[in-house]
Amino acid sequence: MPKETLKKLSIFALLLFFTISAFYIRLENFKKSEYRSIDEVVYYRMAKQMRDNFFDYNTIPYGLELAKRGRDLPKYFFEPLFKHPPVYTILASCSVKAFGNSMEASLCPSLLLGVLLIPLVFLIGNTVYGLGVGLLAAFFMWLDPITTICSQKVWMDTTIAFLNTLTVLFFVIGLKKNNGLAFILSGVSSGLAFNTKYSGVLITFIITAFCLFYARELFKNKAFLFSLVLPVIMLIPWLLWNYSVYGIDCLILNDEARSLINLFPPKLISLIIIVTLLILLCVSILRRLSFSRNSAQTPPPSSTTAAGVSSSKDNLLSISSLIFVVGFLMLLLGEPISKGFNFFKFPVHSWASGVISDGNPLFYFGQMIEFSPFFILGIVMILLFHKEETKEMSFIRLAATIIIIFFIAWGNFQSRYILPALPLFIILSSSLYASIFNLCEKIDFFIIRALLRGILFAFLILTVVKILIINFLLSFPNNCCYF
C-alpha cells in the first residue's frame, strides 16, 4: 500500500474513532441523566406536535400544564408560534418520527451535529493551517467539555455551532480556491443557521465585513454576492408564516427578533460600527504596509551569518510579543487561569437560573479557560499582531473575535451561547501551539530548546488532565443546566 494512502486511511480512522466514541459516550451520558431542563422538554414536546401536524409549532399545551402548577412563564409560551425559527425543531421532529416517541430520539440532532464538529474542525484546521493543526484541533474538539454538555441536551446550540462552522469551512474553501459553489454552500449553511436562530446570520455579517477590507474583489463574484443574500431569501417562508399568524404585527411581536433589535441603543450601535470600521481599516493599512516592505527590493544579506542574525531577531521579537500578551492576560484573567490549572476547582454551574445572571464582560473568557486551559492559546492568538498570515487565517481570527464580542454585548451570560465561537478558538489554539513548537525547534541552544519543549509538553499534559477531570466529574454526569 502506498505511504500516502496509508497516511490518509490512518487519519480517517482516527477521526472516525473520535466521532463514533464521542457519539456513544454522550448518548450513554444522556441515558443515565436523572434530570432534564425545561428547554429540553419544550423542544421534545414541540417535536412530537410537529410530527403529527407540521404547523403546530408552539408551546401552548405545555405552557398551560405548567401554568396550572403555578409556574411563572414568559409570554412566548402562550404565543401561537414559537419565538425561534423552526429548523432545529423540524430536525428533532424528523428524528422522533424515525426513531420513536422518546426524549432520546429528539436528542439525535443535537448529539449528531455536536460530534460532527470534530471532523469539521479538522477540515478547517487542515485547510487553513496544515495537517498537524487539524489533528490537534480535532483532538481538543473531541475532549471539549462545553460542547460535550451541550451535545447531551435537547438544545439547538450544537446545531447553530455546526452550521456556523460549516459556513466557515465553505467560505474558507471558496476564498482559497475562488470556488463559486463553495460560496453558495456557505450561504446555504448560513441560511439554515438563520432559520434555526436569528443570531445564526451573524456569520454572514462577519463574512461581509471581512471582505470589505480584505477581499473586495469578491464583490465582483456573482456566486459570492448570491451567498450573502441567500440567508435572507431562505428566511422568507418563516417570515410569511409569521405574517399569516400575526399579520403586520409580526415585525414587533416576536420576542427573539425584538431582543436583537433592542440589543443596543442607536448611539451605541453607531459607536460600535465606527470603532469596528476603524479597527478593520487600521489592520488593513498595516497589512498593506507590511506587504509593501516585503515586496520592496532590498539588498540581500552579505553572508549567511547576517541572515541568521535577522532570523534570530525575528524569533526574539515573536517570543517577546508573546510574553507581553500572556502577561497582559494574566492581569485580566489571572483568577480563571489559576483555576484552569487547579485540579480541585470547577467552573460555575447550577440548575438555578440566576446563578450567573450578573456575568461581567470577561465571564465567557473565564469560563472557557476554566473548562479547558487550552483556550488560553486561542485568546492569546486573537490579541497577537500577525505580520504574515493568509486571508483565511485572518478570517478565522476575526470570526472568533466578533462572535464572542457579540454575545458579551448580548448580556445573557450562558456558556452554551458562545458555542459557535469555540470550534474557531480551538483551531486558533492549535495553530498557536504548533507555531510556538516550531519556533522553539529553530532555537540553536540545545538546553533552551529542550526546556521550552518540556514546558510545551507539560502544558499539554496538564491541560488534558484538567479537561478529563472536568469531563468525568461535571460533563459526563450531565447534571447542570446553567454554566
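Use the structure listed above.
I will try to describe carefully the structure that is included in this document. Everything quoted here is computed from the prediction, not taken from an experiment.

Another aspect to go through is the overall build of the protein. Summing up its helical and strand segments, the protein has 21 helices and zero strands in all. Restricting to contacts in the protein with at least 6 residues of sequence separation, those with at least 24 account for 78%.

Attention now goes to the pattern of salt bridges. By the definition in use, this model includes nine salt bridges. Asp-39 is the partner of Arg-416 in a salt bridge, and the nearest nitrogen-oxygen pair spans 2.9 Å. Placement of the pair is Arg-416 in the loop between α19 (391-410) and α20 (422-441) and Asp-39 in helix α2 (residues 38-52), with a sequence separation of 377 residues. With a shortest N-O distance of 3.0 Å, Lys-391 and Glu-217 are connected by a salt bridge. Placement of Lys-391 in helix α19 and of Glu-217 in the loop between α11 (202-214) and α12 (222-246) is noted, with a sequence separation of 174 residues between them. The network of salt bridges with shared partners includes Asp-39, Asp-157 and Arg-416.

All right, on to unusual backbone geometry then. The residue Asn-178 is not glycine, and still its phi comes out positive at about 50 degrees. Among the secondary structure elements, Asn-178 is positioned in the loop between α9 (157-177) and α10 (180-194). Residue Asn-178 is classed as exposed on the basis of its relative accessible area, which comes to 51%. Phi at Asn-478 takes a positive value of approximately 55 degrees, unusual for a residue other than glycine. Mapping Asn-478 onto the fold places it in the segment after α21 (446-475).

On to the packing of aromatic side chains. Per the counting criterion, the structure on display carries 38 aromatic pairs. With a centroid separation of 6.0 Å and 85 degrees between ring planes, the pair formed by Tyr-43 and Phe-82 is classed as edge-to-face. Of the two residues, Tyr-43 is situated in helix α2 and Phe-82 in the loop between α3 (60-68) and α4 (87-99); the sequence distance between them amounts to 39 residues. When its relative accessible area of 7% is taken as the criterion, Tyr-43 is described as buried. Judged by relative accessible area, which is 3%, Phe-82 ranks as buried. A centroid spacing of 6.1 Å and a plane angle of 90 degrees characterise the contact between Phe-171 and Phe-210, whose relative ring orientation is edge-to-face. In this pair, Phe-171 sits in helix α9 while Phe-210 sits in helix α11, placing the two residues 39 residues apart along the sequence. The class for Phe-171 is buried, based on a relative accessible area of 1%. Aromatic rings pair up to connect Tyr-43, Phe-54, Phe-55, Tyr-57, Tyr-76, Phe-77, Phe-82, Tyr-88, Trp-238 and Trp-241 into one cluster. Above the plane of the ring of Phe-30 lies Arg-36, whose end atom (NZ or CZ) is 3.8 Å from the centre. Across from the ring centre of Trp-155, 3.9 Å away, lies the NZ or CZ of Arg-416, which sits over that ring.

Residue placement: Phe-23 occurs in helix α1 (residues 3-32). In the structure, Phe-23 is positioned 89 residues away from Leu-112 in sequence and 6.9 Å away in space, judged by C-alpha atoms.

Quick look at the side chain of Ser-475 now. Tracing the backbone through its elements, the reader meets Ser-475 in helix α21. In this structure the side chain of Ser-475 is engaged in a polar contact, spanning 3.1 Å, whose partner is the side chain of Asn-471.

Attention now goes to the nonpolar core. The biggest cluster of nonpolar side chains holds 136 residues, and the ones touching the most others in it are Phe-140, Phe-171, Tyr-364, Phe-395, Ile-396 and Phe-425. Here this core gets twelve residues from one element, more than from any other, and that element is α19. Residues contacting Phe-395, with those up to four places away along its chain left out, are Val-168, Phe-171, Val-172, Ile-203, Ile-206, Ile-207 and Phe-210.

This part takes up the packing of α1 against helix α6 (residues 117-128). α6 packs onto α1 with a crossing angle of 145 degrees between their chain directions and a minimal axis gap of 9 Å. From α1, Ile-11, Leu-15, Phe-18, Thr-19 and Ala-22 reach across to α6, where they touch Ile-118, Pro-119 and Phe-122. Taken together, the residues of the contact of α1 with α6 sort by class into seven nonpolar, one polar and no charged.

This part is about a nonpolar patch on the surface. Taken together, the side chains of Phe-226, Val-229, Ile-233, Ile-236 and Leu-240 present a nonpolar region at the surface, about 420 Å² in accessible area. Residue placement: Ile-233 occurs in helix α12.

This brings us to α19. In an α-helix, one turn spans 3.6 residues; hence positions three or four apart end up facing the same way. End to end, α19 covers 28 Å across 20 residues, agreeing with the expected 28 Å (1.5 Å per residue, within 8%). Just downstream of α19, Gly-411 is the residue with a positive phi angle, here 90 degrees.

With that settled, the discussion passes to the packing of α6 against helix α7 (residues 131-143). Running from amino to carboxyl end, α6 crosses α7 at an angle of 155 degrees, the nearest separation of the two axes being 7 Å. The pairing of α6 with α7 is recorded here as roughly antiparallel in orientation. Here α6 runs over α7; the crossing is right-handed. Taking contact as the criterion, the partners of Leu-117, Ile-118, Val-121, Phe-122, Gly-125 and Asn-126 in α6 are, on α7, Leu-131, Val-133, Gly-134, Leu-135, Ala-137, Ala-138, Met-141 and Trp-142.

What counts, and where the lines are drawn
- Residues numbered from 1 in each chain as written.
- Predicted model: local features only at pLDDT ≥ 70, side-chain atom pairs only at ≥ 80, totals over all residues.
- Heavy atoms only, no water.
- Helix = DSSP H or I, 4+ residues; strand = E, 2+ residues; numbered from the N terminus.
- Contact = heavy atoms within 4.5 Å.
- Salt bridge = Lys/Arg side-chain N within 4 Å of Asp/Glu carboxyl O.
- Buried < 20%, exposed > 50% of the residue type's maximum accessible area, 1.4 Å probe, protein only.
- Phe/Tyr/Trp six-rings, centres within 6.5 Å; stacked < 30°, edge-to-face > 60°.
- Lys NZ or Arg CZ within 6 Å of the ring centre and 35° of its normal.
- Polar contact = N/O pair within 3.5 Å; in protein donor to acceptor, adjacent residues only side chain to side chain.
- Core = buried A, V, L, I, M, F, W, Y, C linked by side-chain atoms within 4.5 Å.
- Axes fitted to C-alpha atoms, helices over the stretch in contact; angles between N-to-C directions.
- Nonpolar A, V, L, I, M, F, W, Y, C, P; charged D, E, K, R; others polar.
- Patch = residues over 30% accessible without salt bridge, like charges linked within 9 Å, V, L, I, M, F, W, Y side chains within 5 Å.
- Areas by Shrake-Rupley, 256 points an atom, 1.4 Å probe, with all protein chains shown as cover.
- Expected span 1.5 Å × (residues − 1).
- Parallel < 35°, antiparallel > 145°, perpendicular 65-115°, else oblique.
- Left-handed = near helix turned anticlockwise from the far one by under 90°.

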